[in-house]
Amino acid sequence: MRSRVWWGTAAVLCGLLVAGCGDGGGSGDGDQAGPADEKSATGDYPVTVTDCLGAKATFSKAPERIVTSNASSLELLLRLGAGDNVIGTGFPPGKGTLPGELDAQARKVKVLGQSVIPKEKLLGSGADLYIDTFASMNMGGGMGDAPTEEEFKAAGIKHIYLKSTACAAQNKRPVTDLSAVEADITSLGAVTGTGAKAKELVDGMKKKVDTVRKAVGRTAEGERPTYFFFDYDAGTKQPTVVCNRQIANAVITLAGARNVFADCDGDYQQVGWEDVISRNPDWIQLGVRDRGSEAANERAFDEARKWLKSNPATKGLKAVKEGHFLRIGSERTTIAGVGTADTVRAIAKALYPGKVG
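Sequence order as written defines residue numbering, which begins from 1 separately in each chain. This being a predicted model, a pLDDT of at least 70 is required before a residue's local features are given, and a value of 80 or more before pairs of side-chain atoms are given or counted; all residues contribute to the totals for chains, interfaces and linings. Side-chain metrics rest on all non-hydrogen atoms present in the structure, leaving aside hydrogens and water.

### Comments concerning the layout of surface pockets
Thinking step 1. Put simply, the largest pocket is a space of about 910 Å³.
Thinking step 2. The rule is simple: put a 1 Å grid over the protein atoms alone, call a set of points where a 1.4 Å probe fits but cannot get out a cavity, call an open set with protein on both sides within 12 Å along at least five of seven lines a pocket, and count a residue as lining if it has an atom within 4 Å of a point. Lining the largest pocket are 37 residues, with Thr97, Leu98, Asp290, Glu331 and Arg332 sitting closest to its centre.
Thinking step 3. Elements supplying a minimum of two residues to the lining of the largest pocket: α1 (6–17), α2 (71–80), α11 (294–310), α13 (331–334) and α14 (340–351).
Thinking step 4. Within the lining of the largest pocket, the residues separate by chemical class into 14 nonpolar, twelve polar and eleven charged.
Thinking step 5. By volume, the second largest pocket amounts to about 330 Å³.
Thinking step 6. Surrounding the second largest pocket, 16 residues form its lining, Lys56, Ala57, Glu149, Lys158 and His159 being those nearest its centre.
Thinking step 7. Starting at the N terminus, helices and strands are each numbered in turn, a helix being any DSSP run of H or I of at least four residues and a strand any DSSP run of E of at least two. Within the residue set of the lining of the second largest pocket, elements represented by two or more residues are β1 (47–50), β2 (56–59), α5 (149–154) and β7 (158–161).
Thinking step 8. A per-element tally of the lining of the second largest pocket places β7 first, with four residues.
Thinking step 9. For this scheme, ten residues count as nonpolar: Ala, Val, Leu, Ile, Met, Phe, Trp, Tyr, Cys and Pro. Four count as charged, namely Asp, Glu, Lys and Arg, and the remainder, Gly too, count as polar. Classifying every residue of the lining of the second largest pocket gives seven nonpolar, four polar and five charged. Grid points are joined across faces, edges and corners, and a volume is the space filled by probe spheres set on the points.

This is the structure:
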């Protein structure tokens, strides 16, 4: 099986190993939280946010030395205008994976780990805030242990999560909108004193999604095309699918499609190819990770497409025979961020040509 790239690993492990990621990642049904929302627009302090289990972290001022667990939380801080306060990151973005000036800023951030930041390095980083995209866990496999909350406290590091991903597996209801992502952005804006920018970003996301909703939102359930997110980099021997607690389920739903594994409770699950075949999707997204350049990405998309067309188990699928493939990167679909709204529009534009601009 092909080695799973970091964010697939972390998300699946969160679903399988962590008892208590909590409810509060956002489901469009009120499963989002953040007392931080109340003061986010003004930048007033103190600001209090809750973690996946409801524990509170209070900020009397904006943090000055932030470490991010990976590229997604780093990108959000850069977009908020708080990038100058980031002193380190794990899982750094590949060169060119962020647009324009954001890429240049990201290159200046110290890399504390090409994957999970080693525990000792994180605790000794001098950070006053650590932003975690996934719930803490013993990563195993030589990747090291995550610090305990007591160890974070002893090191003077406040620890908060992107709840749209860290709490996803334990949500009580399916995720069908982007409210959890928007809440993460609002919360980070409140914590970093960039509430006005956070509101601007969230308003922009809502505007894009509303445009799609007006165009295709009234399409009857039975008329909506079925959709399979093919996580190629998670391995082809046994497919890993996105279930109804993963943010990708919301992206697919908002785009006017039906996630063929929307009946799966959780964020990710491994299934058999016979399960995919029985659902025979109308469209397949070639979910590959960003390789760092457009040319490398295209090669990866070609590779995933070729595998589906040549594999005896999948070549007879309706989407494969009709060439209904979408070349949209995994990160844009499964990781919380401002670009998630763009993915909703990109999928809808492909599935409903002429209806979505």
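### Side note on the pairing of β1
Thinking step 1. A pair of strands is labelled paired if DSSP reports no fewer than 2 bridges between them. Sheet topology note: the β1/β2 ladder contains four bridges and is antiparallel. In the sheet register, valine 47 faces β2, and the bridge partner there is phenylalanine 59.
Thinking step 2. Between β1 and β2, which follow one another and run antiparallel, lie five residues, and glycine 54 among them has a positive phi close to 95°.

### Quick word on the sheet that holds strand β13 (residues 325–326)
Thinking step 1. Read from one edge to the other, the open sheet built from four strands follows the order β10-β8-β12-β13, with strand pairing classed as parallel. Since the sheet does not close on itself, it has two edges, and those belong to β10 (258–259) and β13, each with one partner.
Thinking step 2. In this structure, strand β8 (residues 226–231) lies alongside β10, joined through two bridges in parallel fashion. In the sheet register, threonine 226 faces β10, and the bridge partner there is arginine 258.
Thinking step 3. Should any heavy atoms of two residues lie within 4.5 Å, those residues are counted as being in contact. Axes, fitted as lines to C-alpha atoms, cover a helix only where it is in contact. Angles between the N-to-C directions of the axes lie from 0 to 180 degrees. Taken strand by strand, α11 contacts β8, β12 (283–287) and β13, and its axis lies near 135° from that of β12.

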